[in-house]
Amino acid sequence: MAEQRYFDDIDPGDEFDEQLVMETPKVLKYLGIPGSRLAGPNRFNDPEIAKRDGMPGMIVPGVMQLDLMSRVLNDFAGQEGRIGHMEVSFRRSVLHGDKLRALGLVTDTIPGDGEGTIRMDVFFENERGERPLQGTADVILPSRKD
Amino acid sequence: MTADQVPGLTYDESVIGKEVEVGSFTVTAEQIAAYCEAVGETSPLHTDPEAAAKGPYGALTAPPGLVHAVQLERGLDAKIQFPGVAFHAGERIESLAPLRVGDTVTAYNQVKEVYAKTGRTGSMVFEVRRTEYRNQDGTPVVATETSFVRREV
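Conventions and cut-offs
Residue numbers restart at each chain and count upward from 1, following the sequence in its written direction. Chains carry letters from A onward and ligands carry numbers from 1 onward, assigned in written order. Residue-level local features of this predicted model are given only where pLDDT is at least 70; pairs of side-chain atoms are given and counted only at 80 or more, and the full residue set underlies all totals for whole chains, interfaces and linings. Placing C-beta atoms from the backbone, we regard two residues as in contact once those atoms come within 7 Å. By the criteria applied, helices consist of DSSP H or I runs no shorter than four residues and strands consist of E runs no shorter than two, each listed in order from the N terminus. Gly is placed with the polar residues, together with every amino acid not listed as nonpolar (Ala, Val, Leu, Ile, Met, Phe, Trp, Tyr, Cys and Pro) or charged (Asp, Glu, Lys and Arg). If DSSP finds at least two bridges between two strands, the strands pair. Our exposure labels follow a C-beta count within 10 Å of each residue's own C-beta, placed from the backbone: buried means 20 or more other C-beta atoms, exposed means 12 or fewer, and partly exposed covers the counts in between.

### Details of the interface of chain B and chain A
Counting residues at the interface gives 31 residues for chain B and 28 residues for chain A. Of all the secondary structure elements, the ones that give two or more residues to the side of chain B that touches chain A are α1 (29–39), α2 (44–47) and β4 (86–95) of chain B. Considering each element in turn, the side of chain B that touches chain A owes the most residues, 8 residues, to β4 of chain B. Tallied by class, residues from the side of chain B that touches chain A come to 14 nonpolar, 11 polar and 6 charged. As paired strands, strand β2 (residues 82–90) of chain A and β4 of chain B are joined by 5 bridges and run antiparallel to one another. Bridge pairing links Val88 of chain A to Glu91 of chain B in β4 of chain B.

Structure representation (structure tokens):
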């Protein structure tokens, strides 16, 4: 994990990003989490079903995209921070093999008692310049103890 | 059944806002490990029991997104009649309290709303379902909202 960030050090306009590759083994691993609701043949692991549903290939589940963005934000928050909430919309399909840039753009900082809320826009950008995932998130960071 | 302003759309308005239990599960270390490996999560709070025990929650906790991986019943059916394939349009997740190993979590689902939008490319119908996950003490730990869209073909 990266070193701890603090609310006091973040300003509107700050950005952070991370590169992600949607490799098929990673997607299959996600689908195989014990007790998964996404187990069994579907548009996420079967090219024929994906084609039948009008997709150019197997796609990455929306919830996995959200969970990957959550993980990126969790890294940003560090052990003393946390994600308050996140809300995203899925604008385009993400295909197996897609290379994505996960981005967060700080839009507001709201101080609190011993901690503060970092409000941000979040999105994925693919190699075609499209943004298949877009949304907003609140991350709670600790304040520096002076 | 009710008909909205979009031709061809009907749905069962009586289910809107009615919460039903859709299943329960016990959080296991195995599930957490598999989830963390799949999404690349490395936080000791979720991956290292000893470090987590010394952390703010005193025990290994699950990332809230773990609830996405759990098999549940679907809940009430709004019986939406509208042509086209349904797609996952959006998702909201809110972390309300720590989700600890050994917690027994029960999920409650409702159809929050059904609404239509008409744009340049035609009409779309959205169904928003809210699920609240509560632990064995009845404390809400995670809430999600899932939007599905049906687009005219």
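More follows now that the structure is in view.
### Quick notes on unusual backbone geometry
Residue and element names in this part refer to chain B. Of note in this structure, Lys79 is not a glycine but carries a positive phi near 50°. With respect to the helices and strands, the residue Lys79 is situated in the loop between α3 (49–53) and β4. With 12 C-beta atoms packed within 10 Å, Lys79 lands in the exposed category.

### A few points about the environment of Asn109 of chain B
Residue and element names in this part refer to chain B. Tracing the chain through its elements places Asn109 in strand β5 (residues 104–119). Each C-alpha atom, one on Asn109 and one on Val22, is 6.4 Å from the other, the two residues being 87 residues apart in sequence. Non-local contacts of Asn109, meaning those with residues more than four positions away in its chain, are made with Glu19, Val20, Val22, Gly75, Arg129 and Thr131.

### Notes on the pairing of strand β5 (residues 133–142) of chain A
Residue and element names in this part refer to chain A. By the bridge criterion, 8 bridges tie β2 to β5 in an arrangement that is antiparallel. The partner of Arg82 across the bridge, within β5, is Ile140. When strand β4 (residues 115–126) meets β5, the two strands line up antiparallel, connected through 10 bridges. Its bridge partner lying in β5, Val122 is registered against Gly135. Adjacent in sequence and paired antiparallel, β4 and β5 are bridged by 6 residues, among which Gly129 carries a positive phi angle near 80°.

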